[in-house]
Amino acid sequence: MAHDLRPDIRPDAWRGAVGWEERDGAVRSWRLLPELLDRAFAPDLITNARQSVGVRLDVDTDAERIALDGDLLLDIPRDARIDVLVDGALHRRIDLVAGTFALDVPLPAGTHRVQAWLPQVGETWIRSVQLSGSVVPAATAPTRWTTYGSSISQCNAAGGPSETWPALVARALDWDLTCLGFGGQCHLDPISTRTIATVPADIISLCLGINVMGNASMSPRAFAPQVAGLIDQVRAAHPSAPIAVITPIVAPGLESTPNAVGATLQGMREAIAEVVAGTDDDLLHLIDGPRILGFEEAHLLSDGVHPDADGYRLMGERLTAELRRLRA
């Protein structure tokens, strides 16, 4: 018997999306609350929230193959891939180009946990997902993790969607990932804060600063109060969840050179550290970005700001160690 596991038919088989939209016989994910979109007033953020970063099919099945049909929309040429994992290991990585795609991937004999991680770039519309044989949703991981950040959390240059640093952490720790990494759009928007507050979570990480620096969207006068407000609202919604606040990794050209509103990356780290230190919240933790990727690893920055695939793997290793301690 063949099963169609399209998200609107079997949403219980999918993880990592905040909502879904159906149109013209296809379905795509949302990573912001759909009911709040008309209050965003940030078109580029809305565009990014339609990208399926961290969204994946996750089932136990004895199917002999998985067939997935859909459409990929890319605003600019990028490396886009779907990763098929079997029992936690990469089984097949498929390169995609913009337009319609149809995948048919053989699976090993027997019953296995099968995941299909959608591209972390572009908009992926799913028309059908076919598996034959027995199919049940995989057991939900015991720890639900929401992470919020910029393109450095979206990880366009990662080897594949299962090798972004949040995906690597989630796979290593067996955490249920919701990745709110929005390239160029981590500006502490109220819609992002409300989404973080609404999505159930046992641990939360907030990687803040680099987009505000690069776009000069907040002055030093405004930045620290906005960080404090974000943390306070997330804490009110998740009173018992550890919250990790991650300062920016190194970006040599931005460290001490003021942007258009007088901010420096060093100054932003200091402001974030001051906000975190100014509370008596034992579940609020600071992670220093340069300890995750520092000047000695600057050669892993593809453009002086964004890590390459090796850089994201290193971030995954180091953040796995840092975040594991918060759930010990």
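Everything that follows concerns the structure shown earlier in this document.
Remember, predicted model here, so these are calculated numbers, not experimental data.

Let's talk about the side chain of glutamine 115
- Structurally, glutamine 115 can be placed in strand β10 (residues 112–117).
- Note on glutamine 115: relative accessible area 7%, which makes it buried.
- Of note is the side chain of glutamine 115, whose polar atom sits 3.3 Å from the side chain of aspartate 58.
- A polar contact is formed between the side chain of glutamine 115 and the side chain of tryptophan 117, at a distance of 3.4 Å.
- If we skip the residues at most four places from it in the chain, glutamine 115 touches Leu57, Asp58, Asp83, Val84 and Leu85.

Topic: the sheet that holds strand β17 (residues 284–287)
- The parallel open sheet is built from five strands, whose spatial order is β14-β13-β15-β16-β17. Two strands bound the open sheet, and with one partner strand each, they are β14 (175–181) and β17. Taking the axes of each pair of neighbouring strands and ignoring which way they run, one obtains an average angle of 15 degrees across the sheet.
- The sheet contact formed by strand β16 (residues 243–246) and β17 spans four bridges and is parallel. Bridging across to β17, isoleucine 246 finds its partner in isoleucine 287.
- Across the face of the sheet, helix α4 (residues 190–198) comes into contact with β13 (143–149), β14 and β15 (203–207) while running at roughly 170 degrees to β13.
- Its contacts with the sheet place helix α9 (residues 309–324) against β13, β14, β15, β16 and β17, and it is angled at close to 155 degrees to β17.

Criteria and cut-off values
Residues numbered from 1 in each chain as written. Predicted model: local features only at pLDDT ≥ 70, side-chain atom pairs only at ≥ 80, totals over all residues. Heavy atoms only, no water. Helix = DSSP H or I, 4+ residues; strand = E, 2+ residues; numbered from the N terminus. Buried < 20%, exposed > 50% of the residue type's maximum accessible area, 1.4 Å probe, protein only. Polar contact = N/O pair within 3.5 Å; in protein donor to acceptor, adjacent residues only side chain to side chain. Contact = heavy atoms within 4.5 Å. Pairing = 2+ DSSP bridges. Axes fitted to C-alpha atoms, helices over the stretch in contact; angles between N-to-C directions.

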